[in-house]
Amino acid sequence: MADSQTGAAEPEPWYKDGLAFECTQCGDCCTGAPGFVWVTDEELAAIAAELGEPVGEVRDRLTRRARGRRTLRERSNGDCVLLDAKRGCSVYRVRPAQCRTWPFWESNVETPEDWKRTCDICPGSGRGEVIPVEEISRRLKVIKM
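Residues numbered from 1 in each chain as written. Predicted model: local features only at pLDDT ≥ 70, side-chain atom pairs only at ≥ 80, totals over all residues. Heavy atoms only, no water.

Turning next to the packing of aromatic side chains. Counted under the stated rule, the structure contains five aromatic pairs. Judged by centre distance (5.4 Å) and plane angle (90°), the rings of Trp 14 and Tyr 15 are edge-to-face. Considering the side-chain rings of Phe 21 and Phe 104, the 6.0 Å spacing of their centres and the 80° angle between planes classify their relative orientation as edge-to-face. A residue pair is termed long-range when its members are at least 10 positions apart, and Phe 21 in strand β1 (residues 19–21) and Phe 104 in the loop between α3 (97–100) and α4 (106–109) qualify at 83 residues. Judged by relative accessible area, which is 10%, Phe 21 ranks as buried. Among the aromatic residues, ring-to-ring pairing joins Phe 21, Phe 104 and Trp 115 into one connected group. The aromatic ring of Trp 38 is capped on one face by Arg 69, whose charged end is 4.2 Å from the ring centroid. (Phe/Tyr/Trp six-rings, centres within 6.5 Å; stacked < 30°, edge-to-face > 60°. Helix = DSSP H or I, 4+ residues; strand = E, 2+ residues; numbered from the N terminus. Buried < 20%, exposed > 50% of the residue type's maximum accessible area, 1.4 Å probe, protein only. Lys NZ or Arg CZ within 6 Å of the ring centre and 35° of its normal.)

Sheet topology places strand β2 (residues 63–66) next to strand β3 (residues 69–72); four bridges connect them, and they run antiparallel. From the neighbouring strand, Thr 63 faces β3, where its bridge partner is Leu 72. Where β2 folds back onto β3 in an antiparallel hairpin, the turn is made up of two residues, including Arg 67, whose phi is positive at roughly 50°. (Pairing = 2+ DSSP bridges.)

With that settled, the discussion passes to the nonpolar core. Formed by 13 residues in total, the largest nonpolar core has its most connected members in Tyr 15, Leu 19, Phe 21, Phe 104, Val 109 and Ile 136. Residue contributions to this core peak at three residues, all from helix α6 (residues 133–142). Non-local contacts of Tyr 15, meaning those with residues more than four positions away in its chain, are made with Val 109, Val 133, Ile 136 and Leu 140. Judged by nonpolar contacts, the second largest core, of 12 residues, contains Ala 48, Val 58, Leu 72 and Val 91. (Core = buried A, V, L, I, M, F, W, Y, C linked by side-chain atoms within 4.5 Å. Contact = heavy atoms within 4.5 Å.)

Space inside the largest pocket adds up to approximately 1,100 Å³. Looking at the largest pocket, it is lined by 48 residues, and the ones nearest its centre are Cys 29, Cys 30, Cys 99, Trp 102 and Trp 105. Where the lining of the largest pocket is concerned, the elements lending two or more residues are β3, β5 (88–89), α3, α4, β6 (125–131) and α6. In terms of residue class, the lining of the largest pocket is built from 24 nonpolar, 13 polar and 11 charged. (1 Å grid on protein atoms, 1.4 Å probe; cavity = no way out; pocket = protein on both sides within 12 Å on 5 of 7 lines; lining within 4 Å. Points joined across faces, edges and corners; volume = space filled by probe spheres on them. Nonpolar A, V, L, I, M, F, W, Y, C, P; charged D, E, K, R; others polar.)

Here it is as structure tokens:
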């Protein structure tokens, strides 16, 4: 691959042969310590349509402003407001890009050690279908974490 700015060849990532991942819908990535799940207006519209509710109501009830952006709210225990204890993500089919691209965030794949740490906390990481490097690269560009 060539760097678009210099024309020089970019080094191949350590995961050039791809990485295995299969979402188990366990919800582990939706629970725990507070954080941010950034949502766009388009994602909010899709979530509202999935829930059959007006966008304004969904925005007010399920999101908050933080750092000049909009993020999903969390329950008092840190769980995502869209996580249903019995069903998993209540909007899985239209979940935000941040959720769709998990675990392929820079912080999770920068080094083999980062990936091992991700595999230790996510039961679907390191298992299932091998995701090709091209798809991992595409997901890495979707959202910067």
